[in-house]
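Structure assessment
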Amino acid sequence: MDQLILVLNQLVLWVAAGAMMFGGVVPYVPQYRDIRRTQNAEGFSSYVCLVLLIANILRILFWFGRHFETPLLWQSIIMILTMLIMLRLCTDIRVASELNTKRRAFADFDLKYFWLWSRFMDYLQCVLTFTAFAAYITYLFLDSSVFVETLGFLAVFTEAMLGTPQLYRNYQNKSTEGMSIKMVCMWTSGDTFKTGYFVLNQAPVQFSICGLLQVFVDIAILFQVYYYSRYPQKPVSHTVHTTSAKAL
């Protein structure tokens, strides 16, 4: 009996670790399929990719200063790859639909067109440049516990704030039209599971605090869905983008 309980306990741990590693990218699978099917990326902001890339690169660098659960490390690696795939698809579709033939590049160093470049390679150059710079700074201050803890906080806080622009945009528009409720429910359930995983596995305290903040933002967006559907603040348009995401 004890052996069976031990096996079941190990199985639960493996399932939880797998869910932790891949759960974060699940909401983006239907988005990717919808964007590819419709050849329309207007409902998905590429700034989502920017925020998640920065957050997960910083989290990986934090691991070198303070080791945390291996599934969390793999989660960051998988999320980075997923965001690069999303970014490539959105860039190809956007450029193909642009009438303007002028090409914008990362090497132009034009802040007006930051993260609005014409080739996926330019985004990749930016990500690699940021990674190299952040890695160099981390290497210099790796012995400083204050720096390491601050790095960890910035990593998870950046990700936790991902939903706030969507929250603010809904407030400005006095509507949640064009935002997928299914997606928000997936965010909420995923963030709740993630926060529980942080607490139960005694992850660094920054992870748990920012996880709770992320759940709070998700719940606030769900409340907006309820409130604006029950008390409409403006006429409802017939244009709906089902690929909406936590967007800037």
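Structure: see above.
Residues numbered from 1 in each chain as written. Predicted model: local features only at pLDDT ≥ 70, side-chain atom pairs only at ≥ 80, totals over all residues. Heavy atoms only, no water.

1. Here's the deal with the overall build of the protein
When its secondary structure is counted, the protein shows nine helices and zero strands. In terms of overall size, the protein behaves like a compact globule, its C-alpha atoms giving a radius of gyration of 20 Å where 248 residues would be expected to give roughly 18 Å. Here the C-alpha coordinates of the protein stretch approximately 65 × 50 × 30 Å along the principal axes. Sorting the 248 residues of the protein into buried and exposed places 42% on the buried side. Taking contacts inside the protein between residues at least 6 apart in sequence as the whole, the part at least 24 apart equals 77%. By element, 67% of the accessible surface of the protein is carried by carbon and sulfur atoms, the whole surface being about 14,100 Å². Positive and negative side-chain charges in the protein, numbering 19 and 15 respectively, have mean positions lying 8 Å apart. (Helix = DSSP H or I, 4+ residues; strand = E, 2+ residues; numbered from the N terminus. Rg over C-alpha atoms; globule rule 2.2 N^0.38 Å. Buried < 20%, exposed > 50% of the residue type's maximum accessible area, 1.4 Å probe, protein only. Contact = heavy atoms within 4.5 Å. Areas by Shrake-Rupley, 256 points an atom, 1.4 Å probe, with all protein chains shown as cover. Lys, Arg positive; Asp, Glu negative; His and termini not counted. Charge placed at Lys NZ, Arg CZ, Asp CG, Glu CD.)

2. Topic: the packing of helix α2 (residues 28-38) against helix α4 (residues 70-97)
Put simply, α2 and α4 touch, their axes get as near as 11 Å, and they point 15° apart. When the interaxial angle is binned, α2 and α4 end up roughly parallel. Of the two possible hands of crossing, α2 and α4 adopt the one that is left-handed. Where α2 approaches α4, its residues Tyr28, Gln31, Tyr32, Ile35 and Arg36 are matched on the opposing element by Met79, Thr82, Met83, Ile85, Met86, Leu89, Cys90 and Ile93. The residue makeup of the contact of α2 with α4, split by class, is ten nonpolar, two polar and one charged. (Axes fitted to C-alpha atoms, helices over the stretch in contact; angles between N-to-C directions. Parallel < 35°, antiparallel > 145°, perpendicular 65-115°, else oblique. Left-handed = near helix turned anticlockwise from the far one by under 90°. Nonpolar A, V, L, I, M, F, W, Y, C, P; charged D, E, K, R; others polar.)

3. Topic: α2
Buried within α2 are the following residues: Tyr28, Gln31 and Ile35. An end-on view of α2 places all buried positions within 55° of arc, on one side of the element. Residues of α2 that are exposed and angled more than 90 degrees away from the buried face: Arg33, Arg36 and Arg37. In this structure, the buried residues of α2 make contact with α3 (46-65), α4 and α8 (181-200). Looking at the residues trailing α2, positive phi occurs at Gln39, about 55°. (Arc of directions from axis to C-beta.)

Purely geometric numbers; function is a separate question.
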